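Spelled out from the first residue to the last, the chains are:
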Amino acid sequence: MAGAGLRAAARRWLLGGGQGGPRAASTSPSCPGCGPPGPGAHCPGTPRSAPTGGAELSAHLWARYQDMRRLVHDLLPPEVCSLLNPAAIYANNEISLRDVEVYGFDYDYTLAQYADALHPEIFSAARDILIEHYKYPEGIRKYDYNPSFAIRGLHYDIQKSLLMKIDAFHYVQLGTAYRGLQPVPDEEVIDLYGGTQHIPLYQMSGFYGKGPSIKQFMDIFSLPEMALLSCVVDHFLGHGLEFDQAHLYKDVTDAIRDVHVKGLMYQWIEQDMEKYILRGDETFAVLSRLVAHGKQLFLITNSPFSFVDKGMRHMVGPDWRQLFDVVIVQADKPSFFTDRRKPFRKLDEKGSLQWDRITRLEKGKIYRQGNLFDFLRLTEWRGPRVLYFGDHLYSDLADLMLRHGWRTGAIIPELEREIRIINTEQYMHSLTWQQALTGLLERMQTYQDAESRQVLAAWMKERQELRCITKALFNAQFGSIFRTFHNPTYFSRRLVRFSDLYMASLSCLLNYRVDFTFYPRRTPLQHEAPLWMDQLCTGCMKTPFLGDMAHIR
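Scoring rules and cut-offs
- Residues numbered from 1 in each chain as written.
- Predicted model: local features only at pLDDT ≥ 70, side-chain atom pairs only at ≥ 80, totals over all residues.
- Heavy atoms only, no water.
- Pairing = 2+ DSSP bridges.
- Helix = DSSP H or I, 4+ residues; strand = E, 2+ residues; numbered from the N terminus.
- Buried < 20%, exposed > 50% of the residue type's maximum accessible area, 1.4 Å probe, protein only.
- Arc of directions from axis to C-beta.
- Contact = heavy atoms within 4.5 Å.
- UniProt positions renumbered as here; feature names shortened; annotations may be inferred.
- Polar contact = N/O pair within 3.5 Å; in protein donor to acceptor, adjacent residues only side chain to side chain.

Engineer: Would you mind showing me how to read the pairing of strand β14 (residues 366–369) here?
Structural biologist: The side chains of a regular strand alternate between both faces of the sheet. As judged from the three bridges shared by strand β12 (residues 326–329) and β14, these two strands associate in the parallel manner. Bridge pairing in β14 places I328 opposite Y367. Where strand β13 (residues 344–347) and β14 come together, four bridges link them in antiparallel fashion. Looking at the pairing, F344 lines up with Q369 of β14.

Engineer: Just checking my understanding: could you explain helix α14 (residues 414–422) for this structure?
Structural biologist: Every α-helix winds through 3.6 residues per turn, so residues three or four apart in the chain are directed the same way. Every buried residue of α14 is accounted for by E414, L415, E418, I419 and I421. On an axial view of α14, the arc spanned by its buried residues comes to 155°, and they lie on one face. Structurally, α14 contributes buried residues whose contacts are with β1 (90–91), α15 (425–444), α16 (450–474) and β17 (501–503).

Engineer: Help me understand the UniProt feature "binding site: Mg(2+)" (unreviewed entry) in the protein chain, please; the structure alone is not making it clear to me.
Structural biologist: Within this numbering scheme, the UniProt entry marks D106 and D391 as carrying the feature "binding site: Mg(2+)" (unreviewed entry). A maximum C-alpha distance of 7.7 Å among these annotated residues, which run over 286 residues, shows that they cluster at one spot. Of note, D106 is situated in the loop between β3 (102–105) and β4 (113–114). Its relative accessible area of 6% is what places D106 among the buried residues. Contact partners of D106, with chain neighbours within four places excluded, come to L111, L299, I300, T301, K333, Y388, F389, G390, D391 and D396. Polar side-chain contacts of D106 include one of 2.9 Å to the side chain of K333. Along the chain, D391 turns up in the loop between β15 (386–390) and α13 (393–404). Its relative accessible area of 6% is what places D391 among the buried residues. When neighbours within four sequence positions are excluded, D391 is seen to be in contact with D106, D108, Y109, T110, R152, D219, I220, D396 and I411.

Given below as structure tokens:
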């Protein structure tokens, strides 16, 4: 692995004193190349005499900086890039496919992957509904869909009209808060939340991403919704129009809902499936392969039968139902997983409802609504032998994992693009130097004279610039859907909590045997080895002042 190779190279560099040859370990209690007298490990470069202060200290800090620059350059050979495979499956939890007997699937963005060309259609139709049916200003029609504005997983504070990115610890990532299409200054964001970046738990989204005043946008269909919401707010603010934030938010979400309820989206896709449906042949290959290996398949989707039938005929063929043991449409997830009251109803070949009581779920038949509890009773498919795939972490996966013990797989189409960015030389060098500089700042903060503070301030400024550059590689406004500057995003936290596996598309399964075991990488906790890159680059494996604290023990 790349990390092991980098660590090994760093150790060789350290032992060689930066020259490639071995160097005997020092027994000195201080580390003159790294900081003031005190405990510390060897640093890159030949030992230097301890600086005394002023200009000498400043020169010493910049010398350490240059040492780190050279080390990072030497540790990143050209082949270090392109290490991650965008078509790989990534594991949050150990899972063996050998133990999985039943595979379940959502339809939209799981079995059927849609082209991005669908988003401008949704945006424009909902915008026109706002103008024509909700009587919003005609000036809103000038806005077109901007595919590069928002990312999935953002939060929207309804009362503050604030679209923002929040990390796993409920902190707003500064520089990622927008009101309308304009960024909100960091100082204003902090002031809006009572002098902090932290959003209290009671204000945050509830279990399904809908809190009392803050909503999280979790599915891919929400991208045009966020764009339209921001454009409408931008128009009202730009023209000095007074509005109630809650009313505006509800009108926009209702307009987006109308696009789905009125069947407009279904019509566009049905009229040009070649344009809108991607990887249909790969979906067919995945399903056929699973059936050939004796796996049982089922489909649970919120979409109507006529739409699903036409899409599956396009991807799989007219006999697509013979691949599935159970097919359930208009399931009304996530209520399907928690509400016991709705019974299953059978549909005839034309999609009309029948009235007979359902006592078993038959292969080749179509069922509507129902609930998971009856599903479990009728199929006896329980626990970890079931693996269900979906794109929505809340509506598709959360209940199944937490309440019923199914294994779950998240389909994250954005993963492919993000991995391609991570594989670039610009990202790799920027991130590695950023980590090294962070470690240097941590170690050198022991110098607090005026000249040293100026050096540290320059480093802090450079670090912030690096973080902004790295963020903009993914999205100029909000960065990566998986990370804030350094912490996981709130979206990532939910991804890890609710999915055993995650991948860019269902077709990634074709790269693995049907009895393959996925093992999650052991990600070091902060107190664990192996060493982090910033520690290696600063050459400091021990904590400053630890020796001074020994008397406390």
